[in-house]
Amino acid sequence: MRLVTDVTAIIVTRGDVDLLPIMETIPDAWEVLVWDNGLGVLRTFENEKWGIRADGLPDLSVYGRYRAIRYAAHPIIYVQDDDCVVSEPEQIAWESDSGGSAYGQLVCNMPHLFRGGEREEAVLVGFGAAFHRDLPAAAFERFGRGGIAPSVFKDQCDLVFTTLTPVLKTHVPIEVLDYAFAEDRMYRKPDRQKERRAVYDACVAIV
């Protein structure tokens, strides 16, 4: 496996957790952008020092990872959540570069199957995913408004992307960090499953 270097890694966070364990696993050759919903800034990570690329950015929740693509320097985008460590992000990007991105395919790391009321084959991007930078916009344009409130779309846009894009699953080991189980994490929101069902139904109506 060769190292794919034309990759921008994007992490979205509320800015209240230590990202260093994640950064230590990302290849040095990659660009790293962090969309910080807490501080309203887009941060870069180089040589163990933070730098500010822009400020005054809106809190876009999960959608921040897709908005950050406009600042990315490379054609292949790698994303993951801020509460897990992926052992080999380069393996996920390699699979994307080796055919997935060229054919409009999203590569999602699914070492465990998490199902929350969607179809059995539903997938997540939080454990590591790689794709061509143009794919999310194509899915979101296809979805349109979908009859979904903007605030719901910001939280559930991953579901739109994965449902309306061909997916290749891979199985790279991960470590889920302790704070992933905190009561204030997004997946514990009371209406989350109801919102996801509404978004998924809207996607199915398009398919």
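A few points on the structure. Residue positions are given per chain, counted from 1 along the sequence in the order it is written. Reporting in this predicted model follows two pLDDT cut-offs: at least 70 for local features of residues, and 80 or more for side-chain atom pairs to be given and counted; totals over whole chains, interfaces and linings ignore these cut-offs and use all residues. Hydrogens and water molecules were not included; the side-chain quantities draw on all heavy atoms of the structure.

Here we look at helix α6 (residues 192–206)
In DSSP terms, a helix is any run of H or I states spanning at least four residues, a strand is any run of E spanning at least two, and both are numbered starting from the N terminus. In this analysis, the expected span of each helix is defined as 1.5 Å times one less than the number of residues it contains. Here α6 is 15 residues long and its end C-alpha atoms lie 21 Å apart, about the 21 Å a rise of 1.5 Å per residue gives. Relative accessibility under 20% of the residue-type maximum defines a buried residue, over 50% an exposed one, and the middle range a partly exposed one, all with a 1.4 Å probe and only protein chains included. Every buried residue of α6 is listed here: Arg192, Glu195, Arg196, Val199, Tyr200, Ala202 and Cys203. Projected onto a plane normal to the axis of α6, the buried residues spread over an arc of 160° and lie on a single side. Along α6, exposed side chains directed more than 90 degrees from the buried face belong to Lys194 and Ala205. Contacts from the buried residues of α6 go to α4 (135–143) and α5 (150–163). By construction, the arc corresponds to the directions joining the helix axis to the C-beta atoms. In what follows, residue pairs with any heavy atoms lying within 4.5 Å of each other are defined as contacts.

Details of the nonpolar core
Grouping buried Ala, Val, Leu, Ile, Met, Phe, Trp, Tyr and Cys residues that are joined through side-chain atoms within 4.5 Å yields what is termed a nonpolar core. Counting residues in each nonpolar core, the largest one holds 38 residues, and the members touching the most others are Tyr66, Phe131, Phe143, Val160 and Phe161. Broken down by element, the residue count for this core peaks at 6 residues, all from α5. Discounting chain neighbours no more than four positions away, the residues touching phenylalanine 143 are Ile148, Phe153, Val160, Leu164, Val199, Ala202, Cys203 and Ile206. With 26 residues, the next largest nonpolar core counts Val7, Ile11, Cys84 and Leu177 among its residues.

Considerations on the packing of aromatic side chains
Any pair of Phe, Tyr and Trp rings, taking the six-membered ring for Trp, is counted once the centres come within 6.5 Å. Such a pair is stacked with planes under 30 degrees apart, edge-to-face with planes over 60 apart, and tilted for the rest. Scanning the model with the defined rule gives 10 aromatic pairs in all. Look at phenylalanine 140 and phenylalanine 153: their rings are 5.3 Å apart centre to centre, the planes differ by 85°, and that puts the pair in the edge-to-face class. Pair noted here: phenylalanine 140 is in helix α4 and phenylalanine 153 is in helix α5, with a separation of 13 residues, a long-range link. Comparing phenylalanine 140 with phenylalanine 153 shows no difference in burial state: the two are buried. Here the aromatic cluster, defined as three or more aromatic residues joined through ring pairs, consists of Tyr63, Tyr66, Phe131, Phe140, Phe143, Phe153 and Phe161.

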